[in-house]
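Each chain, letter by letter, is given below.
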Amino acid sequence: MESLKLGSLEVWPPVVLAPMAGITNAPFRTLCREQGGGLFVCEMITTRALVERNAKTLKMIRFDPAEKPRSIQLYGVDPVTVGRAVRMIAEEDLADHVDLNFGCPVPKVTRRGGGSALPYKRNLLRAILREAVRNAGTLPVTMKMRKGIDDDHLTYLDAGRIAVEEGISAVALHGRTAVQHYGGTADWQAIARLKEAVTEIPVLGNGDIWSAADALRMMAQTGCDGVVVGRGCLGRPWLFADLAAACALGRGDGESDGAGDGRLARPTLGQVAATMDRHATLLAECFGSEQHAVADFRKHVGWYLKGFTVGADLRRRLATSETLTGLREGLAELDPLQPWPEGVDAPRGKTHPRDRVHLPAGWLDDPYEVVVPGADAELETSGG
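The structure displayed is predicted, hence computed values, not measured ones.

Undergrad: Which residues make up helix α8 (residues 188–197), and what values go with them?
TA: Residues of α8 that are buried: Trp188, Ala190, Ile191, Ala192, Leu194 and Lys195. Here α8 starts with a cap whose side-chain oxygen sits 3.1 Å from the backbone nitrogen of Gln189, and that cap is Asp187.

Undergrad: An account of unusual backbone geometry is needed here, citing residue identities and associated values.
TA: Cis geometry is found at the peptide bond from Trp12 to Pro13, where omega equals -5°. Here Pro13 is to be found in the loop between β2 (9–11) and β3 (15–17). Across the junction of Lys68 and Pro69, the peptide omega takes the value -10°, indicating a cis bond. You can see Pro69 is positioned in the loop between α3 (55–60) and β6 (71–75). A positive phi is found at Asp93, a non-glycine position, where the angle reads about 50°. Examined against the element boundaries, Asp93 turns out to sit in the loop between α4 (79–91) and β7 (97–102).

Undergrad: Explain the sheet that holds β3 to me, using residue names and the numbers behind them.
TA: Pairing is parallel in the open sheet, where 9 strands are placed in the order β4-β3-β11-β10-β9-β8-β7-β6-β5. Each of the sheet's edge strands pairs with one partner strand only, and the pair in question is β4 (39–40) and β5 (45–46). Note: β7 against strand β8 (residues 141–146), 5 bridges, orientation parallel. Its bridge partner being in β8, Asp99 is matched across the sheet by Thr142. Sitting on the sheet, helix α10 (residues 239–251) touches β3, β4 and β11 (226–229), and the angle it makes with β3 is about 165°.

Undergrad: I'd love a proper account of the packing of aromatic side chains, names of residues and values included.
TA: Given two aromatic rings, one states the distance between the centres and the angle between the planes to describe the pair. The full count for this structure, using the stated rule, is 5 aromatic pairs. Consider the rings of Phe308 and Trp340, whose centres lie 5.8 Å apart with planes at 85°: the pair is edge-to-face. With Phe308 in the loop between α12 (290–305) and α13 (312–319) and Trp340 in the segment after α14 (324–331), this pair connects stretches of sequence that are 32 residues apart. Members of the aromatic cluster, joined through ring pairs, are Trp238, Phe297, Tyr304, Phe308 and Trp340. Over the aromatic face of Trp363 sits the side chain of Lys121, whose NZ or CZ is 5.0 Å from the ring centroid. Over the ring of Tyr182 we find Arg146; its NZ or CZ atom is 5.0 Å from the centre of that ring.

Reading guide: rules and limits
Residues numbered from 1 in each chain as written. Predicted model: local features only at pLDDT ≥ 70, side-chain atom pairs only at ≥ 80, totals over all residues. Heavy atoms only, no water. Buried < 20%, exposed > 50% of the residue type's maximum accessible area, 1.4 Å probe, protein only. Helix = DSSP H or I, 4+ residues; strand = E, 2+ residues; numbered from the N terminus. Polar contact = N/O pair within 3.5 Å; in protein donor to acceptor, adjacent residues only side chain to side chain. Pairing = 2+ DSSP bridges. Contact = heavy atoms within 4.5 Å. Axes fitted to C-alpha atoms, helices over the stretch in contact; angles between N-to-C directions. Phe/Tyr/Trp six-rings, centres within 6.5 Å; stacked < 30°, edge-to-face > 60°. Lys NZ or Arg CZ within 6 Å of the ring centre and 35° of its normal.

Set out below in structure tokens:
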């Protein structure tokens, strides 16, 4: 177990918070960061919106003064625009690390040639990576991708080699194809195959990490250099405490809980309620609007309370609160001594696979054709 080296950056433990739209804003990153070290990536932003200095986009890349390293994930389809966006980040000192997203499986993105559809066009992918690295200066540039469009159109091994050739600092692989969306089981063996094919730079694994034990098992089975955690931390920022303890144990300087996971965080319902209160409060401070913050927090309620015994009426009131006072009144009704439920280290968020991947007409005809998708392929949709 070693630190994750991304160019001049050294990250310990080798754990990355995956960017998730509407989730990994500054308040949520703060909650996760306080639990343990790692790399905590902000919400994905589009390169076009950044270079056009869209007000909403500029607000999304705000970082807490204590947040180091600062990490931004970009999504773009035009090599020139991607290059301009990366140069802007480097010259204006907006972040310390840039990640490029090629994993989004959302139909409204793939049908325009973006997201997880783009790596099929090998030379377009190469052009984007080349422009990003060329304009990054000393900033490390990494990329995240999926296995491919479907099992008949796998791209991850070619993409991994292209990444090495173009100077990318690390690659992360979500062990699913675009057609799987978030359904089925992540293919960890694909991560192992990528690690065998890409030996010059770190390879990170992503998919089905619901606990610290899962992270250790992925690293042991695949040989990957670190893990990327997405849906597993929804409503569970303390997962990063588990991951830090497990990685310390793997390096030989941690304490075992007897189950091989390190010192597991198992908060009571009262402690969960306190975290929920703080999360909503931080959102209010970030957004400058209590109403906006509480409305945004509603989606987190079910994730935080998963597995706990909470009445349907109280759950509904918490999930429809309109003010911090109303939210806190509901939180006060929770049983503070109720222990952490067993068996909740399980999938969170949407899991259903898709019937097919929507692609532009003729997209699969020539994998080496350089066809730059239009501006409508850059939507503010994260995932991967």
